[in-house]
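Analysis of the macromolecular model
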Amino acid sequence: GDSVTQMEGPVTLSEEAFLTINCTYTATGYPSLFWYVQYPGEGLQLLLKATKADDKGSNKGFEATYRKETTSFHLEKGSVQVSDSAVYFCALSDPGGGADGLTFGKGTHLIIQP
Amino acid sequence: KAGVTQTPRYLIKTRGQQVTLSCSPISGHRSVSWYQQTPGQGLQFLFEYFSETQRNKGNFPGRFSGRQFSNSRSEMNVSTLELGDSALYLCASSLVGQGARNEQFFGPGTRLTVL
């Protein structure tokens, strides 16, 4: 079945550091890929998405490129802020592969220190 | 436009009891999906309802059930609660249902604790 693998962390960085959170996936069809963010005590918010190979999703300084050849969708940000501290989830939607609902990775807890 | 609302936000039950959780989707959204979030298993898809019909179902036992009303509001029921059912239950709504281009909007969740 479909699956998403991401580093779990916690990942601790200093403010203004460069961020990379790795995400790789396995899917039988042609999935769309997502990054969601969860702040403490809240639900998930869509951060960015990409629906086909080589698409780049971007939002709030975060970027991720859909790499079909490496089955990856790594999240990057050039300069993180304390307010970016949250849990980040990589996810896929694979209607052609028979998977139902979004398939999520385990989540990466990001801590940004001032 | 109001977001997805879930009630109650927190719930404490004992083993063997049953519980009903409620989700009101964003106005105009016809699809409601439910997810279970636990530290061990992460986020897992429970089921999706669209136009009052269950359209997709995850790999959960029959103790987990749901329904959707004509106004798109949805309820999720768990019978004969077990300790392992303690989790954050998230509801998500979208315009037309599961699919790559249909963004899902999540509610804040209901935290269920089973003692």
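A short tour of the structure in this document, coming up. Quick caveat, the model's predicted, so the values are computed rather than measured.

Between chain A and chain B, the contact holds 18 residues from the first and 21 residues from the second. When the two sides are added together, the surface that chain A and chain B hide from each other amounts to roughly 1600 Å², 53% of it contributed by carbon and sulfur. Taken together, chain A and chain B are joined by 0 salt bridges. Across the chain A-chain B interface, the total number found is 4 residue pairs in polar contact (both at pLDDT 80 or more). Mapped by element, the contributors of at least two residues to the side of chain A that touches chain B are β5 (32–38), β6 (44–50) and β10 (86–93) of chain A. Counting residues per element, the side of chain A that touches chain B draws most heavily on β5 of chain A, at 4 residues. In the side of chain A that touches chain B, the residues fall into 7 nonpolar, 7 polar and 4 charged.

Here we come to the sheet that holds strand β3 (residues 19–24) of chain B. Residues and elements named next belong to chain B. Spatially, β1-β3-β8-β7 is the arrangement adopted by the 4 strands of the open sheet, whose pairing is antiparallel. Of all strands in the sheet, those with a lone pairing partner are β1 (5–7) and β7 (64–68), marking the two edges. Neighbour-to-neighbour, the strand axes of this sheet turn through a mean angle of 20°, independent of strand direction. Pairing of β1 with β3, which is carried by 3 bridges, proceeds in the antiparallel orientation. Note on β3: the bridge partner recorded for Thr 7 is Ser 22.

If you look at the biggest cluster of nonpolar residues, it comprises 25 residues, and the most contacted ones within it are Trp 35, Leu 48, Phe 73, Leu 75 and Tyr 88 of chain A. Among the secondary structure elements, those contributing two or more residues to this core are β2 (11–14), β3 (19–21), β4 (23–26), β5, β6, β8 (62–65), β10 and β12 (108–113) of chain A. Broken down by element, this core gets its largest block of residues, 4 residues, from β10 of chain A. Leave out the neighbours within four places in its chain, and Leu 75 of chain A touches Leu 19, Thr 20, Ile 21, Trp 35, Leu 47, Leu 48, Phe 62, Glu 63, Ala 64 and Tyr 88 of chain A. The next biggest cluster of nonpolar side chains, apart from the first, holds 21 residues, and it includes Leu 11, Val 19, Val 78 and Ala 87 of chain B.

Moving on: unusual backbone geometry. Cis rather than trans, the peptide bond between Gly 9 of chain A and Pro 10 of chain A has omega equal to 10°. Structurally, the position occupied by Pro 10 of chain A is in the loop between β1 (3–6) and β2. Thr 7 of chain B connects to Pro 8 of chain B through a cis peptide bond whose omega is -10°. Within the fold, Pro 8 of chain B resides in the loop between β1 and β2 (10–13). The phi angle at Lys 60 of chain A is positive, at roughly 55°, despite the residue not being glycine. Within the secondary structure, Lys 60 of chain A sits in the loop between β7 (56–59) and β8. Notably, Ser 51 of chain B is not glycine yet its phi reads approximately 50°, a positive angle. Turning to its location among the elements, Ser 51 of chain B is positioned in the loop between β5 (42–50) and β6 (53–57). Ser 51 of chain B sits in the partly exposed class, given a relative accessible area of 34%.

About the thresholds
Residues numbered from 1 in each chain as written. Chains lettered and ligands numbered in written order. Predicted model: local features only at pLDDT ≥ 70, side-chain atom pairs only at ≥ 80, totals over all residues. Heavy atoms only, no water. Contact = heavy atoms within 4.5 Å. Buried area = accessible area lost by both parts, 1.4 Å probe. Salt bridge = Lys/Arg side-chain N within 4 Å of Asp/Glu carboxyl O. Polar contact = N/O pair within 3.5 Å; in protein donor to acceptor, adjacent residues only side chain to side chain. Helix = DSSP H or I, 4+ residues; strand = E, 2+ residues; numbered from the N terminus. Nonpolar A, V, L, I, M, F, W, Y, C, P; charged D, E, K, R; others polar. Pairing = 2+ DSSP bridges. Axes fitted to C-alpha atoms, helices over the stretch in contact; angles between N-to-C directions. Core = buried A, V, L, I, M, F, W, Y, C linked by side-chain atoms within 4.5 Å. Buried < 20%, exposed > 50% of the residue type's maximum accessible area, 1.4 Å probe, protein only.

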